[in-house]
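Chain residues, written in single-letter form:
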There are 2 protein chains.
Amino acid sequence: MNGGGVELLNAGNATALFHSVDAFLFDCDGVIWKGDKLIDGVYDTLTFLRSQKLVFVTNNSSKSRRQFASKFLSLGISVSQDEIFSSSFAAAMYLKSIEFSPDKKVYVVGGEGILEELDLAGFTALGGPEDGKKMIELKENPFLEHDKTVGAVVIGLDQYINFYKLHYATLCIRENPGCLFIATNRDAVGNMTDLQEWPGAGCMVAALCGSTEKEPIVVGKPSAFMMDFLLKKFHVDTSRMCMVGDRLDTDILFGQSAGCKTLLVLSGVTTLPTLQDSANNILPDYYTDKVSDLLQLLRP
Amino acid sequence: MNGGGVELLNAGNATALFHSVDAFLFDCDGVIWKGDKLIDGVYDTLTFLRSQKLVFVTNNSSKSRRQFASKFLSLGISVSQDEIFSSSFAAAMYLKSIEFSPDKKVYVVGGEGILEELDLAGFTALGGPEDGKKMIELKENPFLEHDKTVGAVVIGLDQYINFYKLHYATLCIRENPGCLFIATNRDAVGNMTDLQEWPGAGCMVAALCGSTEKEPIVVGKPSAFMMDFLLKKFHVDTSRMCMVGDRLDTDILFGQSAGCKTLLVLSGVTTLPTLQDSANNILPDYYTDKVSDLLQLLRP
C-alpha cells in the first residue's frame, strides 16, 4: 500500500465515522447484493443506519430507478426512488442538463433501464434490448441505414451486445454531425450474478471507442456528474458523507473527488491484495470485509 | 498535411518507383477488393506487375491463407498461399515463434480463418464461430466454467461477437496464470463489404482490453512481426519494397517502420482530408486514388 492512511475499520473509528457523517452513499453490486442475493447482514445494517440519510449510487445501468426500488423491495428493503441514483438515470439527467433537443433521438446500447429513464425524461430512444436479436451477415453484402436524427448514443452494460448494435452506434457517432457519445460508466467487471464476475460496461464502451476512435462522456462514477446532481437534491456537505463501495476506480475515487469520507468493502470486485498492491494509488479512508461489519462494530 | 514529402502519384514518380523496387506488398480490403467485389482495374494492374514479386499482407483474420487464395481465384486472380500473409496466419506463426506449448489450448474470438491456421500449425483451438450461438441469461444466475488449460486468447474481427465470448475470453485472461492476449490487429473499421465500412477487429480487441484492463500483443500491421516473418521467406531488402495500402495507422506505418516505400490508395478507409489533416503525422511517400492508377501511369 502506498503509505498510510487506510485503516481497517474497528470499533473506535467506526463510531467516529458514524458520528462525523450525515449521509451514507452506498454502491449496490458487490456491496448491497450480488446478483439477486443480498449480502449477509445488509438488511439489519441498513435498518440500523436509517437514522441517517441513505443514498444508493450505482453504476449499474440495467435498471431504472423504479426497477431498482422494486428490486430492493423484492429483497425485503424499502427504498424510495428518490434515494436511488443509477447511471441509467444519470444518462437521462445529463441530456436534460445540456438541454439536448427532444427532437433528436437517442440510440441505446444497453438495458431496459436506460430506455425507461430516457422516456421518463421526455426523450425518444431507439435500440436497447430489441436490437439484441438483430443479426448481420456480411457475406450478404448488407447496407445498414441509420437514423440521421440520432443526436446521442448512450452505452452501458449490455449482455446482448452484438455486431449490429456496435455497427449502428458506430455509424451514428461517426456520421451524424455532433452526435454525442455517452457512457453510463466504464466498470471493467462487476458482480452481475452471485457466483462470478462478468464483463462490465467498460467492455462495451471500450468496443465503441475502438471502432469510433473517440472517447465518451462518462456520467456514472467516478465522474462528478452524479455527485453534482445528487447535491442539488440532498443538502448535505460532502465532508459529512461517507461513500461505501467495492471498487477503487469508481466508488472510492468518486467519493474522494467530492471530498467524502470513503469506506471500501471487500465483498465485491476489490481484493485485499489489490488494495495493498504498490501500483494502487486510490486509497480509501477505511476498509472492511462487508457492510454489516459497520453494524457489528457500532452495536457490539 | 505536416510538411512536404507526400507526392501525388504521376507518370514520372510512378516509373521511378516501379524501377526502384523488387516487390509490391498489397493490403487487400479497400485496396484489392471491397467485400466480394474487385476494385476497378485491379486484375489488369496485378497482371502487369507480375514481373515483380507480389505479396498480399492483410489484417483481415476472417480467412486462412488457403481461404484467401480461394477468394482471389473466385475473383479471377491466381495467387499462391505463399504470397499471402494474413493476420490469422500471423497469430499462429507468433505462437510457433514463442514455442507455445501444443499441450495448452487457444481460445479464439473471431472467424474460421484463425481456427484453420491454428490447426495447421498444430495447436488446439476452442471457440470461434460456434460460440456465436451461445447465450447467457444473467437473471438465471449462471456460472461459466472455463478451460484452465487455455494459455492464449486470440481475438480478431468477429461479426458474431457476444457476451458469452467476451466473458469466456475475459475469464481465461484474468484467471489462467500467464494466459497470453493476442490481437490479430486493431483496425477501427474496414471495408468488409462493398457498400459500407464496418467496425473492425479494433472494436472487439478494445472490448477485451476494457474487461481485462490489459493490452494485447498485436501480430498484424503495423506490428513488425509480419514483416520479420515475411523477410525470412522473401529475401528482398525492405528498401526495395513498396507497401500499398488504404490505412495510415496500419499499412503505411507498417511499411515505413520497416523502411519500405509507401503508397496510399484512397479507395478504402482513408480520405484525402484525413491524409491532409494537420493532426495526421503518418505520411506515405505517394498517394493516388486506386491501385490501377499505377497501370495507367506506367503504361499510358
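Residues numbered from 1 in each chain as written. Chains lettered and ligands numbered in written order. Predicted model: local features only at pLDDT ≥ 70, side-chain atom pairs only at ≥ 80, totals over all residues.

**Q** Give a description of the overall build of chain A that names residues and reports values.
**A** Within chain A, the secondary structure is distributed over 11 helices and 16 strands. Oriented by its inertia axes, the alpha-carbon framework of chain A measures out at about 65 × 40 × 30 Å. In chain A, buried positions account for 53% of the 300 residues. Once local pairs closer than 6 in sequence are excluded, the contacts in chain A between residues at least 24 apart make up 72%. (Helix = DSSP H or I, 4+ residues; strand = E, 2+ residues; numbered from the N terminus. Buried ≥ 20, exposed ≤ 12 C-beta atoms within 10 Å, placed from the backbone. Contact = placed C-beta atoms within 7 Å.)

**Q** Now, about the pairing of strand 15 (residues 261-265) of chain B: what can you tell me, with residues and values included?
**A** All names here are of chain B. Taking burial as the measure, the 5 residues of strand 15 include 5 buried ones, the bulk of the element. Going residue by residue along strand 15, you find Lys261, Leu263 and Val265 tucked away on one face and Thr262 and Leu264 tucked away on the opposite face as well. Relative to strand 15, strand 14 (residues 241-245) runs parallel, the two sharing 4 bridges. Within strand 15, the position partnered with Met243 by the bridge is Thr262. Taking the sense of rotation as the criterion, the β-α-β connection linking strand 14, helix 9 (residues 248-258) and strand 15 turns out right-handed. (Pairing = 2+ DSSP bridges. Right-handed = clockwise from strand over helix to strand, strands pointing away.)

**Q** Describe in detail the sheet that holds strand 10 (residues 180-183) of chain B, supporting the description with residues and values.
**A** Within a sheet, neighbouring strands are paired by backbone hydrogen bonds and run either parallel or antiparallel to one another. All names here are of chain B. Read across the open sheet, the 5 strands follow the order 8-7-9-10-13; overall the sheet is parallel. On the outer flanks of this sheet lie strand 8 (124-127) and strand 13 (217-218), each paired with one strand and no other. Bridge count between strand 7 (residues 105-109) and strand 9 (residues 150-155): 5 bridges; the pairing is parallel. Across the sheet, residue Val106 finds its bridge partner in strand 9, namely Ala152. Across the sheet, helix 7 (residues 201-212) lies against strand 7, strand 9 and strand 10, angled at about 160° from strand 10, the strand it touches most. (Axes fitted to C-alpha atoms, helices over the stretch in contact; angles between N-to-C directions.)

**Q** Help me get a handle on the relation of the copies chain B and chain A, residues and values and all.
**A** Superposition of chain B onto chain A requires a rotation of 180° combined with a translation of 0.0 Å along the rotation axis, giving an RMSD of 0.0 Å. The two molecules are tied by a two-fold rotation axis, judged by turn and shift. Across chain B, the rotation axis passes nearest the C-alpha of Ala207 of chain B, at a separation of 2.1 Å. A shared binding surface is used by both copies, with 100% of the interface residues of chain B retained as interface residues in chain A. (Least-squares fit on C-alpha atoms with pLDDT ≥ 70 in both.)

**Q** Tell me about the interface of chain B and chain A, and name the residues and values.
**A** Taken together, the contact between chain B and chain A spans 36 residues of the former and 36 residues of the latter. Those elements giving two or more residues to the side of chain B that touches chain A turn out to be helix 6 (163-175), strand 12 (198-199) and helix 7 of chain B. Per element, the largest residue contribution to the side of chain B that touches chain A is 9 residues, and it comes from helix 7 of chain B. Partitioning the side of chain B that touches chain A into residue classes produces 21 nonpolar, 12 polar and 3 charged. (Nonpolar A, V, L, I, M, F, W, Y, C, P; charged D, E, K, R; others polar.)

**Q** Which residues make up the sheet that holds strand 14 of chain B, and what are the values?
**A** Residues and elements named next belong to chain B. Sheet architecture is open: 7 strands sit in the order 1-16-15-14-2-5-6, paired in parallel fashion. The open sheet has two edge strands, strand 1 (7-8) and strand 6 (84-86), and neither has a second partner. Along the sheet, helix 4 (residues 87-97) makes contact with strand 5 (53-58) and strand 6, crossing strand 6 at roughly 75°.

**Q** Please provide a residue-by-residue account of the environment of Met135 of chain A, values included.
**A** All names here are of chain A. Structurally, Met135 is set in the loop between strand 8 (124-127) and strand 9 (150-155). Residue class for Met135 comes out exposed when judged on the 12 C-beta atoms lying within 10 Å of it. Distance from Met135 to Phe163, taken between C-alpha atoms, is 7.4 Å for residues 28 residues apart in sequence.

**Q** Summarise the domain arrangement of chain A; cite the residues concerned and give the values.
**A** Residues and elements named next belong to chain A. The domain boundaries assigned to chain A delineate domain 1 (7-59 + 222-298) and domain 2 (101-218). For domain 1 and domain 2, the distance between their C-alpha centroids amounts to 29 Å. Of the residues contributing to the side of domain 1 that touches domain 2, the split by class is 1 nonpolar, 6 polar and 4 charged. (Domains from an automatic or database assignment.)

**Q** Requested: an account of the environment of Asp29 of chain A, with residues and values cited.
**A** Residue and element names in this part refer to chain A. Checked against the element boundaries, Asp29 lands in the loop between strand 2 (23-26) and strand 3 (33-34). Sequence separation between Asp29 and Gly268 is 239 residues, and the spatial gap between their C-alpha atoms is 7.3 Å. Residues in contact with Asp29, not counting those within four places in the same chain, are Thr58, Asn60, Gly190, Asn191, Met192 and Gly268.

**Q** Please set out the pairing of strand 15 (residues 261-265) of chain A residue by residue, giving values where relevant.
**A** Relative to strand 16 (residues 286-288) of chain A, strand 15 of chain A runs parallel, the two being bridged by 3 bridges. Within the sheet, the bridge partner assigned to Leu263 of chain A lies in strand 16 of chain A and is Tyr286 of chain A.

**Q** Describe the nonpolar core, listing the residues and the values that go with them.
**A** One finds Val153 and Met204 of chain A together with Val153 and Met204 of chain B to be the most contacted residues of the largest nonpolar core, which totals 171 residues. The contact partners of Val153 of chain B, leaving out residues within four places of it in the chain, are Tyr107, Val109, Ala169, Cys172, Ile173, Cys179, Phe181 and Ile182 of chain B. (Core = buried A, V, L, I, M, F, W, Y, C linked by C-beta atoms within 7 Å.)

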